[in-house]
Structures are given as structure tokens and as C-alpha cells.
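So the chains spell out like this:
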Amino acid sequence: MNAIFKKELSSDQLKELFQNDDKCLEFLADLKESEGFICRKCGNTNYCSGKSPHSRRCTKCKTEESATTGTIFHNCKFPVSKAFYIAYNVCKGKEDLSSYEFARRLSLRQMTCWNFKTKIQHALQQMDTLSDGEKLSINKILTS
Ligand SMILES: [Zn+2]
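Because the structure is predicted, anything quoted here is derived from the model rather than measured. (Residues numbered from 1 in each chain as written. Predicted model: local features only at pLDDT ≥ 70, side-chain atom pairs only at ≥ 80, totals over all residues.)

Caption draft 1: Quick look at the overall build of the chain. Each helix and strand counted, the chain has seven helices and three strands in total. If you list the helices and strands of the chain from N to C, you get α-α-β-β-β-α-α-α-α-α. Relative to its full complement of 144 residues, the chain shows a buried share of 24%. Partitioning the intrachain contacts of the chain with sequence separation of at least 6 by distance along the chain shows that 50% fall at a separation of at least 24. (Helix = DSSP H or I, 4+ residues; strand = E, 2+ residues; numbered from the N terminus. Buried ≥ 20, exposed ≤ 12 C-beta atoms within 10 Å, placed from the backbone. Contact = placed C-beta atoms within 7 Å.)

Caption draft 2: A look at helix α5 (residues 110-128). An ideal rise of 1.5 Å per residue puts 27 Å on 19 residues; α5 measures up with 27 Å between its terminal C-alpha atoms. For α5, the complete set of buried residues consists of Cys113, Phe116, Ile120 and Ala123. Viewed along the axis of α5, the buried residues span an arc of 95 degrees, placing them on a single side of the element. Exposed residues lying more than 90 degrees from the buried face of α5 are Met111, Asn115, Thr118, Gln125 and Asp128. (Expected span 1.5 Å × (residues − 1). Arc of directions from axis to C-beta.)

Caption draft 3: Here's a closer look at the confidence of the model for the chain. Of all residues in the chain, 85% have pLDDT values of 70 or greater, and the mean over the chain is 85. The secondary structure element of the chain with the lowest average pLDDT is helix α7 (residues 138-142), at 42, and the one with the highest is helix α4 (residues 99-106), at 97. Below pLDDT 50 for its whole length, residues 136-144 participates in 24 contacts with residues either more than four positions away or in separate chains. (pLDDT = per-residue confidence, 0-100.)

Caption draft 4: Representation of the nonpolar core. Ranked by size, the top nonpolar core spans 20 residues in total, and within it Ala83, Ile86, Ala87 and Ile120 carry the most contacts. Residue assignment for this core shows that the elements contributing at least two residues are α2 (21-35), α3 (80-92) and α5. Top element by residues in this core is α3. It accounts for seven residues. (Core = buried A, V, L, I, M, F, W, Y, C linked by C-beta atoms within 7 Å.)

Written out as C-alpha cells, the structure reads:
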């Protein structure tokens, strides 16, 4: 998870991310871009843009990979911008916000926030057991 928030983001950047799903997807896509591309299906390393926003499509087998694939935000049932808010606060936040507080701030159910917060804390714990080399792979870090 820290890989995703390795750089301290400015408050303007954060504001933008926390209010805009598309910006979040773009942020994830940029992160993945820096890691290169390997098709999960056929191993091909060339891609073009896919149909959904900021997705990538393998030029060989045409498998499309969404911006959230391989990240902790995959299959998230609520807006990715709200998930970003929770993720960032758990990773970098100065205060330890409760799931009740997240729920209040984001207009989400407390259980939803609790589940996602736990998922991130798990990913963070797992990361402590990884070697530096492994940490470089955002796929490993963010898939949980
Ligand atoms: Zn492929």
C-alpha cells in the first residue's frame, strides 16, 4: 500500500483525488504505467487503451485490464474516490480514524468502512514481511 502513496501528495492533489473517481483511476493507471505492462492472460507486454476509463488492453489477446485490476481497489463496491480517502488516511493519516468516523465523513455504512479499513491494514501488515524487491511490485503489495 505504501507504494501507492510513496510520494507525499499535496493537499490540492488529495482534494482532487478524494472528489473525483476518474482522477483516482488515472492515478492508478499512472502508477501501473511506471511498472510496465504484462498481460495476465498471455504475458504479452504491449497494450493499447481499453474501453473503460484508463484501462489497458493487450494487443495480442485483447484482454482488457481495468485501472483497479491488481490493486486493493479492485471489486470495491463503493466509489473509488471514497476508497482512496480511507486508504490514504490509514496509510498516511496523522490521526487514527474509526470506521464510524469514515462512515460519517463519506456517507457510507460503518460496516463498509470497517471492512475496507481492515483490508488495507492487512495489506500493510503483509507488506512488512516482504523484501524490498517484492515491495517494488505494486501488484504484490496491492493485491490482497
Ligand atoms: Zn494478452
